[in-house]
Amino acid sequence: MTRAGPGAEIVRENPARLGETVGRVPVADAADVDRAVRAAEAAQRDWRDVPAAGRAEVLRRAAGAVEAAGGTAVLLARESGKPLADCEGEIRFAAAYLRWVADHAPAAYADREVDDAAGRLLLRHRPYGVVAAITPWNAPVILTLLKVGPALAAGNAAVVKPSPLAPLAVTRVLESFPPDLVHVVHGGAGTGRPLVAHPRVHRVAFTGGAAAARDIGAAAAEAVTPAVLELGGNDPVVLLDDARLDDAAMDRLVMASFATAGQVCMAAKRVYVPRSRFDDVRDAYVAAAARTVVLGDPLDPGTTVGPVISADAADRVRGLVTGATRRGASAVALGAVRVDLARGHFVRPTLVTGAGDDAPLVADEQFGPVVPLLPYDTEDEVLARANAGELGLGASVWSADEDRAFAFARGFEAGFTFVNTHNRTGMSLRAPFGGVKRSGHGREYGAEGLLEYVQTCAVHAPAAFRAGGAGMGAGAYPS
Ligand code: NAD
């Protein structure tokens with residue numbers, strides 16, 4: 001809820017306990033955004049001259065402080081509805097990412113120089129200046145540090161606008177960074193727009209949905225500011241006919257769809273199964289969910305699936321299931337329920353069979369705890385169905401033969417293909433992640449993620465014009 005007017009604030013309610021206020025943050029207006037950007041710009045002028053090793057050391061200290069700060073995971077669980085163990089895992093992973101950046105950034109951003117028969121060429125990696133980071137609520141800590149970590153390592157300063165749906169834990173995490181270099185402004189689109197359009201912002205890094213991306217992309221284009229856009233996905237899972245479907249694999253597959261109540265960009269969102277194995281896989285899936293899916297309060301130990309983020313999200317996801325069943329699909333409720341569903345925005349995890357490829361549950365990103373299981377007959381056919389649609393974030397292929405899986409993976413239109421797993425269990429700090437098609441552009445993680453925060457600038461002395469050089473006609477092209 002946002003209270004408007006002077007002294008406006010966001011009041012965040014616990015999605016698992018309606019009526020319980022978790023915290024409040026002040027809403028920043030355009031003047032607040034301007035102050036934050038100008039303060040960041042002033043601090044960046046000194047920061048860019050700190051040697052890379054010194055900047056890396058600041059990130060290492062921040063990683064330690066992020067881990068040491070008590071209560072952040074509980075705050076994140078209460079504001080986002082994610083199970084406490086997931087929140088603890090996200091914070092640990094985010095700290096590990098900062099250390100990875102500290103270890104790899106100095107080499108990635110180092111000058112490169114060649115001096116040979118063609119002349120002398122120096123390549124420098126210059127920071128942009130002030131980076132605007134606009135982040136969603138579903139994994140706010142890691143998705144923010146994926147931007148702030150490399151931005152700072154490269155010599156930029158950052159102004160972060162977290163989601164109004166989970167602003168609290170990430171604000172606490174950002175207190176681990178030098179306050180003059182990392183600023184936080186709160187609010188929704190009314191705060192994000194002046195930030196993106198600000199003339200002293202030279203790089204935008206956004207993670208979120210398509211509607212916001214269009215608006216942000218347009219504002220950034222108007223200001224001629226380059227923007228990284230990490231958007232949604234509708235990730236297909238393809239089980240090949242030799243996929244090993246032991247209990248551990250099935251448990252992994254199920255939680256790839258239901259972690260964070262399915263509200264993950266790279267969740268397993270459609271599962272394609274060889275028709276000949278369909279009934280066995282369906283039964284194994286339901287059995288795996290009985291072992292792994294526990295819908296409950298995020299703070300209760302044993303809960304693996306919490307509520308969805310809002311009443312609107314719950315209505316939308318339930319509507320996808322009723323829409324499919326009205327057209328003849330079957331819905332099976334999964335796992336155990338250990339909570340009064342009316343106490344929060346709880347949606348029962350559900351497996352849907354018999355949905356057509358054109359059902360919104362299959363064709364669009366559901367972003368909730370509902371997954372369709374779909375039979376296929378041939379590999380060519382399933383690849384075409386997997387690639388249908390405009391989104392291309394993640395995908396997975398499951399096979400007992402890794403070479404066969406890698407060969408199949410080449411056919412996916414996806415930025416990241418998991419093999420024999422999907423979603424967070426398949427992430428790697430060194431592997432670049434991001435979408436193709438309408439899932440966005442730009443990369444996070446890996447060396448590619450570091451390079452999003454620098455521009456390569458060249459200094460070149462052609463050999464032809466050095467003392468004793470061959471020379472060249474004025475205005476000629478080099479041969
Ligand atoms: P959202 O697009 O509603 O909001 C994201 C952020 O943008 C928030 O901070 C919001 O306040 C801000 N915002 C919204 N409109 C804006 C505007 N016009 N100008 C400036 N800022 C604006 O997304 P959400 O609901 O928080 O997150 C869900 C979406 O994010 C899903 O589609 C999901 O797949 C995607 N996502 C993608 C990745 C990835 O890495 N590709 C990761 C996580 C989530």
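Computed from a prediction, not measured in an experiment: that's the story for all the values here.

1. Describing the overall build of the chain
Moving on, step 1. Tallying secondary structure elements over the chain gives 15 helices and 23 strands in all.
Moving on, step 2. Across the 479 residues in the chain, those meeting the buried criterion constitute 53%.
Moving on, step 3. If you take every contact in the chain between residues at least 6 apart in sequence, the share linking residues at least 24 apart comes to 72%.
Moving on, step 4. Total accessible area on the chain is roughly 19700 Å²; 54% of this is exposed by carbon and sulfur atoms.
Moving on, step 5. Each charge sign in the chain was given a centre, from 50 positive and 55 negative side chains, and these centres are 3 Å apart.

2. Thoughts on the layout of surface pockets
In this approach the atoms are scanned with a rolling probe the size of a water molecule, which exposes any empty space left behind.
Moving on, step 1. Size it by volume and the second largest pocket reaches roughly 280 Å³.
Moving on, step 2. In this structure, the second largest pocket is lined by 16 residues; those nearest its centre are A210, R214, L231, R438 and S439.
Moving on, step 3. Mapped onto the lining of the second largest pocket, the elements with two or more residues apiece are α8 (210-222) and β22 (440-441).
Moving on, step 4. If you tally residues by element for the lining of the second largest pocket, the top one is α8, at 3 residues.
Moving on, step 5. Taken together, the residues that form the lining of the second largest pocket break down as 5 nonpolar, 6 polar and 5 charged.

3. Some points on the site of the ligand
Moving on, step 1. Taken together, 29 residues sit near the ligand, with T135, G209, D215, L231 and E365 positioned nearest.
Moving on, step 2. G209 is positioned with one of its backbone polar atoms (N or O) 2.7 Å from an oxygen atom of the ligand.
Moving on, step 3. Bound to the protein, the ligand loses 86% of the 860 Å² it would expose on its own.
Moving on, step 4. Among the secondary structure elements, those contributing two or more residues to the shell around the ligand are α7 (189-197), β9 (203-207) and α8.
Moving on, step 5. When the residues that make up the shell around the ligand are grouped by side-chain class, the tally is 15 nonpolar, 9 polar and 5 charged.
Moving on, step 6. Taken domain by domain, the makeup of the shell around the ligand includes at least three residues from each of domain 1 (2-231 + 439-459) and domain 2 (236-426).

4. A closer look at the domain arrangement of the chain
Moving on, step 1. Each assigned domain of the chain is listed here: domain 1 (2-231 + 439-459) and domain 2 (236-426).
Moving on, step 2. Each of domain 1 and domain 2 has a C-alpha centre, and these two points are 30 Å apart.
Moving on, step 3. Every contact between the two is made by 21 residues of domain 1 and, on the other side, 26 residues of domain 2.
Moving on, step 4. Roughly 1800 Å² is buried in total at the junction of domain 1 and domain 2, and carbon and sulfur atoms are behind 58% of that figure.
Moving on, step 5. Of all residues in domain 1, A16, W137 and S439 bury the most surface against domain 2, accounting for 27% of the area lost on that side.

5. A look at the sheet that holds β9
Backbone-to-backbone hydrogen bonds join strands into a sheet, with any given pair of strands oriented parallel or antiparallel.
Moving on, step 1. Pairing within the open sheet is mixed, and its 6 strands lie in the order β8-β7-β6-β9-β10-β22. Unpaired on one side and paired on the other, β8 (182-184) and β22 mark the two borders of the sheet.
Moving on, step 2. Two strands pair when backbone bridges link them, and strand β6 (residues 130-134) and β9 are joined in this way by 4 bridges, in the parallel orientation. Counterpart to A132 in the pairing with β9 is V204.
Moving on, step 3. Lying on the sheet, α8 is in contact with β6, β9 and β10 (227-230); it crosses β9 at an angle near 175 degrees.

6. Here's the deal with empty space enclosed by the protein
Moving on, step 1. Under the defined criterion, the tally for this structure stands at 2 cavities of 30 Å³ or more.
Moving on, step 2. Its volume calculated, the largest cavity comes out at about 60 Å³.
Moving on, step 3. Along the walls of the largest cavity sit 15 residues, with P236, A386, L391, G392 and E413 positioned nearest its centre.
Moving on, step 4. For the lining of the largest cavity, the secondary-structure elements that each account for two or more residues are α13 (379-387), β18 (391-392) and β19 (394-398).
Moving on, step 5. Of the residues contributing to the lining of the largest cavity, the split by class is 7 nonpolar, 4 polar and 4 charged.
Moving on, step 6. Of the voids in this model, the second largest cavity is the one considered here, and its volume is about 40 Å³.
Moving on, step 7. In terms of lining, the second largest cavity is formed by S257, G262, A267, A268, K269, Q366, G368, V370 and V371.
Moving on, step 8. Counted by class, the lining of the second largest cavity contains 4 nonpolar, 4 polar and 1 charged residues.

7. Some points on the pattern of salt bridges
Moving on, step 1. On inspection of all chains with the given rule, the structure shows 34 salt bridges.
Moving on, step 2. Where E452 meets R203, a salt bridge forms, and the shortest distance between an N and an O atom there is 2.8 Å. With E452 in the loop between α15 (446-451) and β23 (454-462) and R203 in strand β9, the pair connects residues that are 249 residues apart, well separated along the chain.
Moving on, step 3. When the shortest N-O distance is used, the salt bridge between D377 and R275 registers 2.9 Å.

8. Re the packing of helix α1 (residues 30-47) against α7
Moving on, step 1. Two elements in contact, α1 and α7, have axes separated by 9 Å at closest approach and are oriented at 40 degrees. In this view, α1 runs oblique relative to α7, as classed from their interaxial angle. Note that α1 runs across α7; the crossing there is right-handed. Two secondary-structure elements touch here, α1 through A30, V33 and V37 and α7 through T191, P194 and L195.
Moving on, step 2. Partitioned by chemical class, the residues of the contact of α1 with α7 number 5 nonpolar, 1 polar and no charged.

Rules of the game
Residues numbered from 1 in each chain as written. Predicted model: local features only at pLDDT ≥ 70, side-chain atom pairs only at ≥ 80, totals over all residues. Heavy atoms only, no water. Helix = DSSP H or I, 4+ residues; strand = E, 2+ residues; numbered from the N terminus. Buried < 20%, exposed > 50% of the residue type's maximum accessible area, 1.4 Å probe, protein only. Contact = heavy atoms within 4.5 Å. Areas by Shrake-Rupley, 256 points an atom, 1.4 Å probe, with all protein chains shown as cover. Lys, Arg positive; Asp, Glu negative; His and termini not counted. Charge placed at Lys NZ, Arg CZ, Asp CG, Glu CD. 1 Å grid on protein atoms, 1.4 Å probe; cavity = no way out; pocket = protein on both sides within 12 Å on 5 of 7 lines; lining within 4 Å. Points joined across faces, edges and corners; volume = space filled by probe spheres on them. Nonpolar A, V, L, I, M, F, W, Y, C, P; charged D, E, K, R; others polar. Near = heavy atom within 4 Å. Polar contact = N/O pair within 3.5 Å; in protein donor to acceptor, adjacent residues only side chain to side chain. Domains from an automatic or database assignment. Buried area = accessible area lost by both parts, 1.4 Å probe. Pairing = 2+ DSSP bridges. Axes fitted to C-alpha atoms, helices over the stretch in contact; angles between N-to-C directions. Salt bridge = Lys/Arg side-chain N within 4 Å of Asp/Glu carboxyl O. Parallel < 35°, antiparallel > 145°, perpendicular 65-115°, else oblique. Left-handed = near helix turned anticlockwise from the far one by under 90°.

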